[in-house]
Structures are given as C-alpha cells and as structure tokens.
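What follows is the residue order along each chain.
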Amino acid sequence: MTDRREKREMTVFKEYRIGSFAYHLGVTQAFLKHYEEAGLIDAKQNEKGYRYYQFPQAGRVFEYMRLHSFGIQIKQMKCALAADEETAFKTIDDHADELQQKADRLQAIVDEHRRFNKWHDAMRGNETKWEVKEIEPIYFLPHTCGQDFIDDDRVYEVLQAWCDQMPVTKSALLVKHHSDNEPANTMYWGLCVTESNLRRCGIPTNDAVLVIPKTLAFVFHFYDVEDVFRMDDIASGDHPAFRKLRSLGFKPSGDALLINEMKLMRDSVQRGSGRCVIPIEE
C-alpha cells in the first residue's frame, strides 16, 4: 500500500495552459476560474501569472459537469463527491426528481399549446360549435368579484403557483348557478385548470379553490367572437352560450365556466376564443 502511494506521489503529470485546457474540455476559461475560486479544481501559476492545470484535473471537471447537469450547485459539489455511495445516490435521486417535475410541467405547456392549435384548426370557418359530453373535474381559483379583488388570504397563498403554470392554467369567469342563498349570475374572475393537468403539474389547492365535478355538460366553443366576454351579456343571460343552451332545451345544473383561450384586439374591438362549460341536468 505504501509503495503504491509513493508511486502516485512520484508521478509527473502533464500540465496545460488555461486556454488549451479549457479548449480540450469544451468549457471557457471563465468556467475554470470560477470552479477554481470555489476550491473545486487546482491551478498552478508561474512567475508571469500564467495558469497551468495538471492533466488529472480534467477528470474532476467532467465529474463536476455531471453533477451540474442534475442541478447541483457549485457550493454543494465538494460535499457530493465526498459523500458515501448511499448519500451520493440519494442526492442525485432528489435532483433527478426535481428535473422530472420541471420536465413534466414543460411538457404540459407544450401539450396544451398543441391541443389549442388542433382546436384552432378545427374551428376555422366556424364562429361557434357546441357539444354535450362528460367533462373531467375542473378546478377554479377565484380572484375577483365585479371590480373587487377577493379579500381572502387563502387565494394569495396559491395564486402565484397557479399563475406560474399558464397557459396550462387559464383565465376564466365562473358564473354561479342560482341557489336560494346566492342571486343568479354572480360572477368571479380567476384561473381554472383541468384535474389531469392540476395533478400533472403539481398545482397546489386549498379551501379557496372551487371544483366543478365530473359531470355531463353543455360545451359551447367560440372562435374569434366579438365582445364575447361582455359582463353585461353574461349577467343578463344574453351570452350566446346561454342563448344556445336555452334554444336546445337544456337546463343548467351547476356553475358555468367561461374559459379564455385567447383574446385579440382588432379595430378597437376585443375578440375572444375559448369555450363555455355549463353542467346540465341529465
């Protein structure tokens, strides 16, 4: 054992100037200096101030690159390399789980855009379409009522997390179904998301979040329709979705949700695309 240690100590390693070393590792000189300042790699300086790196430092740099790819910060790298095997795996596992969560959220955004593109193509040439189908649960976080922000701390505990997930979460208007305790067409602006996307993206909920349950619903699709989000029309029940619902003889059974996919302004007129989801009696 002693002989092997003595041989390692006697080994003379080739040295590279910083520019050459950086080039052959595919990194910048600033990268090497940054890791050197963090105490992760060593450099020699001659009397002229030129930096030189011994060849074995290359293996250390590649190991740090591996850790960096998992999101491990520079200040954590030395401890990560000095850890026992079980701790090292646990550290990487935790960071890999974080990366998977980020990847799932990004994929959800891409999938939502692809879905909207497909819907957009299907709606071309049609201002409106309607269908009756079973919907999955939709979660709604209220934010305003009329021109007043909702004064409820529970809303603001989760609001930022919901905003961070746009366009998976969407701006929406909840129209309360008439009950004995609340007048018809009380409206709340907020954000909505389907249950599958809420689970997929890990979007938090609390008691402020309302849920439209899995149910049969009248779904009214609208594409590039003028002033489709006019509050007066919605309050009076004169919105095209409600007019169509009545003309077909359907009876609402729960809160309606007017979901905004896209708003555009042309010739000083707001035009909207999206859908109105109204639970109905079976």
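As the structure is a computational prediction, the values presented were derived from the model and not from experiment. (Residues numbered from 1 in each chain as written. Predicted model: local features only at pLDDT ≥ 70, side-chain atom pairs only at ≥ 80, totals over all residues. Heavy atoms only, no water.)

Secondary structure summary: the chain contains 10 helices and 12 strands in total. Taking 282 residues into account, the globule formula puts the C-alpha radius of gyration at 19 Å, and the chain, at 29 Å, lies well above it. Principal-axis analysis of the C-alpha atoms gives the chain an extent of 95 × 40 × 35 Å. Per-residue burial for the chain yields a buried fraction of 36% across its 282 residues. A sequence separation of at least 24 residues applies to 71% of the contacts in the chain between residues at least 6 apart. (Helix = DSSP H or I, 4+ residues; strand = E, 2+ residues; numbered from the N terminus. Rg over C-alpha atoms; globule rule 2.2 N^0.38 Å. Buried < 20%, exposed > 50% of the residue type's maximum accessible area, 1.4 Å probe, protein only. Contact = heavy atoms within 4.5 Å.)

Attention now goes to the pattern of salt bridges. Applying the stated criterion across every chain, the model contains 21 salt bridges. With a shortest N-O distance of 2.9 Å, Arg51 and Glu36 are connected by a salt bridge. Taken together, the residues span a long stretch of sequence, with Arg51 in strand β3 (residues 51–54) and Glu36 in helix α3 (residues 29–37) at a distance of 15 residues. Each of Glu112, Arg115, Lys170, Glu261 and Arg275 takes part in salt bridges that share partners, so that together they form one network. (Salt bridge = Lys/Arg side-chain N within 4 Å of Asp/Glu carboxyl O.)

With 29 residues, the main nonpolar core has Leu141, Trp162 and Leu257 as its most contacted residues. Taken together, the elements giving at least two residues each to this core come down to β5 (138–145), α7 (153–164), β7 (170–175), β8 (187–194), α8 (195–201), β10 (215–226) and β11 (256–266). Once you skip the residues sitting within four places of it in the chain, Leu257 turns out to touch Ile138, Phe140, Ala172, Leu173, Leu174, Cys192, Ile212, Arg275, Cys276 and Val277. In terms of nonpolar packing, the next biggest core, distinct from the first, is built from 19 residues, Leu173, Phe218, Phe222 and Cys276 among them. (Core = buried A, V, L, I, M, F, W, Y, C linked by side-chain atoms within 4.5 Å.)

Following the criterion strictly, the structure yields 11 aromatic pairs and no others. Ring centres of Trp130 and Phe218 lie 5.8 Å apart, and the angle between their planes is 35 degrees; on these two criteria the pair is classed as tilted. Pair noted here: Trp130 is in strand β4 (residues 128–135) and Phe218 is in strand β10, with a separation of 88 residues, a long-range link. Look at Phe218 and you get buried, because its relative accessible area is 0%. Ring plane angle 65 degrees and centroid distance 6.4 Å describe the contact between Trp130 and Phe250, whose orientation is recorded as edge-to-face. Taken together, the residues span a long stretch of sequence, with Trp130 in strand β4 and Phe250 in the loop between α10 (240–247) and β11 at a distance of 120 residues. When its relative accessible area of 25% is taken as the criterion, Phe250 is described as partly exposed. Taken together through their ring pairs, the aromatic side chains of Trp130, Phe218, Phe220 and Phe250 make up a single cluster. Against the face of Phe229 rests Lys263, its NZ or CZ located 4.7 Å from the ring centre. (Phe/Tyr/Trp six-rings, centres within 6.5 Å; stacked < 30°, edge-to-face > 60°. Lys NZ or Arg CZ within 6 Å of the ring centre and 35° of its normal.)

With that settled, consider the packing of α3 against helix α4 (residues 57–69). What describes two packed helices is the angle between their axes and the distance between those same axes. Two numbers describe how α3 lies on α4: the axes approach to 12 Å, and their chain directions differ by 90 degrees. With respect to each other, α3 and α4 are oriented roughly perpendicular. Where α3 abuts α4, its residues Phe31, Leu32 and Tyr35 lie against Val61, Tyr64, Met65 and His68. (Axes fitted to C-alpha atoms, helices over the stretch in contact; angles between N-to-C directions. Parallel < 35°, antiparallel > 145°, perpendicular 65-115°, else oblique.)

In this section: unusual backbone geometry. Residue Pro167 follows Met166 across a cis peptide bond; omega there is 5 degrees. Position of Pro167 among the secondary structure elements: in the loop between α7 and β7. Positive phi values are uncommon outside glycine, yet Asp224 reaches one of about 55 degrees. Position of Asp224 relative to the elements: it lies in strand β10.

On to the environment of Gln57. With respect to the helices, strands and loops of the structure, Gln57 is situated in helix α4. We classify Gln57 as buried; its relative accessible area is 8%. Beyond its immediate stretch of four places on either side in the chain, Gln57 contacts Phe21, Ile41 and Asp42.

What follows is about the sheet that holds strand β1 (residues 15–17). Ordered in space as β1-β3-β2, the three strands form an open sheet in which the pairing is antiparallel. At either margin of the open sheet sits one strand with a lone partner, and together these are β1 and β2 (44–45). Of the strand pairs in this sheet, β1 and β3 are connected by three bridges, and their pairing is antiparallel. Note that in β3 the partner of Arg17 across the bridge is Tyr52. Sheet contacts for helix α2 (residues 18–25): β1 and β3; angle to β1, the most-contacted strand, approximately 95 degrees. (Pairing = 2+ DSSP bridges.)

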